[in-house]
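# Coordinate analysis (summary)
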Amino acid sequence: MANENSNAVDILLNKIVSIIESKNQKLKYDKTFKSTVWGKNNDGTYKISYMNQLYDVYNALGTDLDLGQSVWVKIPCGIFRNMHICGINYKKVKR
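Everything numeric in this text was worked out from a predicted model, so none of it was measured. Residue positions are given per chain, counting from 1 as you read along its sequence in written order. Confidence filtering applies because this is a predicted model: local features only for residues at pLDDT of at least 70, side-chain atom pairs given and counted only at 80 or more, and all residues used for totals across whole chains, interfaces and linings. Note: side-chain values were computed over all heavy atoms of the structure, leaving out hydrogens and water.

### A short note on the pairing of strand β3 (residues 53-59)
Two faces belong to every sheet, and in a regular strand the side chains alternate between them. Two strands are counted as paired when DSSP detects at least two bridges linking them. Secondary structure elements follow DSSP: runs of H or I of four or more residues count as helices, runs of E of two or more count as strands, with numbering from the N terminus. Pairing of strand β2 (residues 46-50) with β3 involves five bridges; the strand directions are antiparallel. The partner of Tyr 46 across the bridge, within β3, is Val 57. Between β2 and β3, which follow one another and run antiparallel, lie two residues, and Met 51 among them has a positive phi close to 55°. Of the pairings in the sheet, the one linking β3 to strand β5 (residues 84-88) comprises two bridges and is parallel in character. Looking across to β5, one finds that Asn 59 is bridged to Ile 85.

### Some words on the environment of Glu 4
With respect to the helices and strands, the residue Glu 4 is situated in helix α1 (residues 2-26). C-alpha separation for the pair Glu 4 and Asp 64, spaced 60 residues apart in sequence, amounts to 64 Å.

### Points about the sheet that holds strand β4 (residues 70-75)
The strand order around the closed barrel built from five strands is β1-β2-β3-β5-β4, with neighbouring strands paired in mixed fashion. Strand after strand, the sheet turns through a mean of 55° between neighbouring axes, direction not considered. Bridge analysis of β4 against β5 gives four bridges, and the strand direction is antiparallel. Looking at the pairing, Trp 72 lines up with Gly 87 of β5. Here, axes are lines fitted to C-alpha atoms. For helices the fit covers the stretch in contact, and angles between N-to-C directions go from 0 to 180 degrees.

### Comments concerning the nonpolar core
As a rule of thumb, nonpolar side chains are buried together in soluble globular proteins. The definition of a nonpolar core used throughout is a set of buried Ala, Val, Leu, Ile, Met, Phe, Trp, Tyr and Cys residues joined through side-chain atoms within 4.5 Å. In this scheme, a residue with accessible area under 20% of its type's maximum is buried, one over 50% is exposed, and one in between is partly exposed, where area comes from a 1.4 Å probe on protein chains only. Grouped together as the largest cluster of nonpolar side chains are 12 residues: Phe 33, Val 37, Tyr 46, Ile 48, Tyr 50, Val 57, Leu 65, Val 71, Val 73, Ile 75, Met 83 and Ile 85. For Met 83, the residues in contact, after removing those within four places along its chain, are Phe 33, Ile 48, Tyr 55, Val 57, Tyr 58, Val 73, Lys 74, Ile 75 and Pro 76. The criterion used for residue contact is that any of the two residues' heavy atoms lie within 4.5 Å.

### A word on a nonpolar patch on the surface
A surface patch of nonpolar side chains, amounting to about 460 Å² of accessible area, comprises Val 9, Leu 12, Leu 13, Ile 16 and Ile 20. One can find Leu 12 in helix α1. With a relative accessible area of 53%, Leu 12 lands in the exposed category. Patch members must show over 30% relative accessible area and no salt bridge, and they are joined within 9 Å when carrying like charges or within 5 Å when they are nonpolar side chains of Val, Leu, Ile, Met, Phe, Trp or Tyr. Note on areas: these come from Shrake-Rupley sampling with a 1.4 Å probe, and a residue is covered only by the protein chains present in the view. Whenever Lys or Arg places a side-chain nitrogen within 4 Å of a carboxyl oxygen from Asp or Glu, that contact is recorded as a salt bridge.

Right, here's the structure in full:
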């Protein structure tokens, strides 16, 4: 009897997880990640790496960035064409 209950609970949990994952894929939310500046283009955009590819993105900071600088990049509401640099990733200095 306990084994049957355990199997029923496992089936129910798997179904709940499946429903949540399916709904989550349709949600639009911001994604922010760390990247590195690999280059600067003539139009003022910067080359950054994302998922082993280089992309040209705008810099929303209004400051010049150096090659090799670590930055935060945002994809607003999951809209890839609006990806932009939104911050500088400063490393904390241990004291």
